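Here is what each chain is made of, one letter per residue.
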Amino acid sequence: MGARRQTTELDGVLDRLSNAVEHLIASSPKAGRDRETEARIARLTAERDELRAQIQQLKAQHDEDARLRAEAADAVRAALTDLRSVVAVQGGE
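Attention in this report is confined to the structure presented alongside it.

Rules and cut-offs
- Residues numbered from 1 in each chain as written.
- Predicted model: local features only at pLDDT ≥ 70, side-chain atom pairs only at ≥ 80, totals over all residues.
- Heavy atoms only, no water.
- Helix = DSSP H or I, 4+ residues; strand = E, 2+ residues; numbered from the N terminus.
- Rg over C-alpha atoms; globule rule 2.2 N^0.38 Å.
- Buried < 20%, exposed > 50% of the residue type's maximum accessible area, 1.4 Å probe, protein only.
- Contact = heavy atoms within 4.5 Å.
- Patch = residues over 30% accessible without salt bridge, like charges linked within 9 Å, V, L, I, M, F, W, Y side chains within 5 Å.
- Areas by Shrake-Rupley, 256 points an atom, 1.4 Å probe, with all protein chains shown as cover.
- Salt bridge = Lys/Arg side-chain N within 4 Å of Asp/Glu carboxyl O.

1. Focus on the overall build of the protein chain
Right, so step 1: The helix and strand tally for the protein chain stands at 2 helices and 0 strands.
Right, so step 2: Compactness check: the protein chain gives a C-alpha radius of gyration of 26 Å against a globular reference of 12 Å for 93 residues, more than 25% above the reference.
Right, so step 3: Dimensions of the protein chain, computed from the C-alpha atoms along their principal axes, are close to 90 × 15 × 10 Å.
Right, so step 4: The burial tally for the protein chain puts 14% of its 93 residues in the buried class.

2. Quick look at the side chain of Ser18
Right, so step 1: Along the chain, the position of Ser18 falls in helix α1 (residues 2-27).
Right, so step 2: Beyond its immediate chain neighbours, meaning those up to four positions away, Ser18 contacts Arg48 and Arg52.

3. Concerning a nonpolar patch on the surface
Right, so step 1: On the surface, Val76, Leu80, Leu83 and Val87 cluster together into a nonpolar patch covering about 350 Å² of accessible area.
Right, so step 2: Its place among the elements puts Val87 in helix α2 (residues 35-92).

4. Observations concerning the pattern of salt bridges
Right, so step 1: Applying the stated criterion across every chain yields a total of 8 salt bridges.
Right, so step 2: In this structure, Asp74 and Arg77 form a salt bridge, with 2.6 Å as the shortest nitrogen-oxygen distance. Taken together, the residues span about one helical turn, with Asp74 and Arg77 both in helix α2 at a distance of 3 residues.
Right, so step 3: Where salt bridges share partners, they join Glu22, Arg48, Asp49 and Arg52 into one cluster.

5. Things to note about the environment of Ala53
Right, so step 1: Inspection of the secondary structure assignment puts Ala53 in helix α2.
Right, so step 2: For Ala53, a relative accessible area of 42% gives the class partly exposed.
Right, so step 3: When the C-alpha positions of Ala53 and Ala20 are compared, they lie 18 Å apart, and in sequence the two are 33 residues distant.

Right under this line is the structure:
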């Protein structure tokens, strides 16, 4: 649960970064941009894209971890059922 909340918070940060990049682009028309502004936009865009990729990777990892935990829980339940059956059979002998 905590990991999902963290990725939601990361989504919010990513949205704010995207909005800042879009604002920077909109506030400085391409024809009037200097090299520094162009470089800044390129850096921020690359950073945003990298963060987006990392967030997607974290979400995928979280989903995979949840799937593995569910499989492990099912295996434990099955093993306990088998163990109870063995104990019941041995106890009845």
